[in-house]
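Residue-level structural notes
These are the residues of each chain, in order.
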Amino acid sequence: MRKVDQMRPIYRMAKNVDAEQLLRTRRHTVINNRTGAYSDALLQAWAPTVTKKSIAAEEKALENPDRVTIVAEKRAKMIGLCTLGISEGLLKQCYVLPEYSGMGIARQLVRQIETIAKERGLRSLKLSSSLIALDFYKKMGYHELNRYDFDLGNGLQMPCVMMEKTL
């Protein structure tokens, strides 16, 4: 039985200085996925090793006014993140460290992104869900539009599901 930290997470907008930790949180979440839905090779391609080049690209992405990223922190540790692409009307990513899953953190992150989307005039949000997160998004009110294979390169195809929710 895991010990539960009763401290509530803090949710805030991501800043440039968060770039490396965003990438590390994403990678840790993906690589430590143990659902068996995807092969280890696919997980490695989905969340490659964090490099100076990828950090610089993430810093630049965080400067983009068309992108909003919310992070969840506990005791100054990033435990989750969620990103909105405003002009695309796309929930781009949502990751919560495995040791914090089931605590409502992803749900809160998505709700905050949906609120921002509404404030920016969006009437719906789309997202590309992994098979791992499909049930979560269904519970959040997203419905399936279609299934497809996302090309990760090196001949790897990742089964995904395009979903949408009216806000």
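One numbering rule holds for all chains: residues counted from 1, following each sequence as written. Whole-chain, interface and lining totals are the exception, using all residues; otherwise, since this is a predicted model, local features are given only for residues with pLDDT of at least 70 and side-chain atom pairs are given and counted only at 80 or more. Remark: hydrogens and water are excluded; side-chain values derive from all non-hydrogen atoms of the structure.

Turning our attention to the sheet that holds strand β1 (residues 10-13). Spatial strand order, β1-β2-β3-β4-β5-β7-β6: seven strands in an open sheet with mixed pairing. One side of each edge strand has no neighbouring strand; the edge strands of this open sheet are β1 and β6 (143-153). Geometrically, the sheet is characterised by an average inter-axis angle of 25° between neighbouring strands, direction not taken into account. One ladder, built from eight bridges, connects strand β2 (residues 67-74) with strand β3 (residues 77-85); its direction is antiparallel. Opposite valine 71, over in β3, you have leucine 81 as the bridge partner. It only takes one pair of heavy atoms within 4.5 Å for two residues to be counted as in contact. A fitted line through C-alpha atoms represents every axis, and for helices the fit uses only the stretch in contact; the resulting angles, taken between N-to-C directions, go from 0 to 180 degrees. Helix and strand labels come from DSSP, where a helix needs a run of H or I of at least four residues and a strand needs a run of E of at least two; each type is numbered from the N terminus. The strands touched by helix α4 (residues 105-119) are β1, β2, β3, β4 (90-96), β5 (124-130) and β7 (156-166); relative to β3, the strand with the most contacts, the crossing angle is about 35°. One requirement defines pairing of two strands: DSSP has to find at least two bridges between them.

Relative to the helices and strands, glutamine 93 is located in strand β4. When accessible area is computed with a 1.4 Å probe and restricted to protein chains, residues below 20% of their type maximum are described as buried, those above 50% as exposed, and intermediate ones as partly exposed. On the accessibility criterion, glutamine 93 (14% relative accessible area) is buried. Every residue in contact with glutamine 93, bar those within four places of it in the chain, is listed here: Arg26, Arg67, Leu81, Cys82 and Thr83.

Our next topic: the side chain of threonine 83. Locating threonine 83 in the fold gives a position in strand β3. Using a relative accessible area of 1% as the deciding quantity, one classes threonine 83 as buried. Here threonine 69 takes part through its side chain, which lies 2.8 Å from a polar atom of the side chain of threonine 83. If we skip the residues at most four places from it in the chain, threonine 83 touches Arg67, Val68, Thr69, Leu90, Leu91, Lys92, Gln93 and Ile113. As used in this structure description, the phrase polar contact means that two N or O atoms lie within 3.5 Å; if the pair is within protein, one of them must be able to donate a hydrogen and the other to accept it, and residues adjacent in sequence are counted only when both atoms belong to side chains.

On to the layout of surface pockets. Put plainly, a pocket is an open set of points on a 1 Å grid over the protein atoms alone with protein on both sides within 12 Å along at least five of seven lines, a cavity is a set where a 1.4 Å probe fits but cannot get out, and a lining residue has an atom within 4 Å of a point. Grid points are joined across faces, edges and corners, and a volume is the space filled by probe spheres set on the points. Taken as a whole, the largest pocket spans an internal volume of roughly 1,400 Å³. Around the largest pocket, the lining comprises 49 residues; the ones closest to its centre are Trp46, Cys94, Tyr95, Ser130 and Ala133. If one sorts the elements of the lining of the largest pocket by residue count, β4 sits on top with seven residues. The residue classification treats Ala, Val, Leu, Ile, Met, Phe, Trp, Tyr, Cys and Pro as nonpolar and Asp, Glu, Lys and Arg as charged. All others, Gly included, are polar. Among the residues making up the lining of the largest pocket, the classes are represented as 29 nonpolar, 13 polar and seven charged.

A few words now on the nonpolar core. To form a nonpolar core, buried Ala, Val, Leu, Ile, Met, Phe, Trp, Tyr and Cys residues must be joined to one another through side-chain atoms within 4.5 Å. Residues Leu84, Leu91, Cys94, Leu109, Val110, Tyr137 and Tyr142 are the most contacted members of the largest nonpolar core, which totals 29 residues. Going through the elements one at a time, β2, β3, β4, α4, β5, α5 (134-139) and β7 are the ones with two or more residues in this core. Here this core gets seven residues from one element, more than from any other, and that element is α4. Among the nonpolar cores identified, the runner-up in size contains 20 residues, and Ala19, Val30, Leu62 and Tyr95 belong to it.

Treat this as a map of the structure, not an account of what it does.
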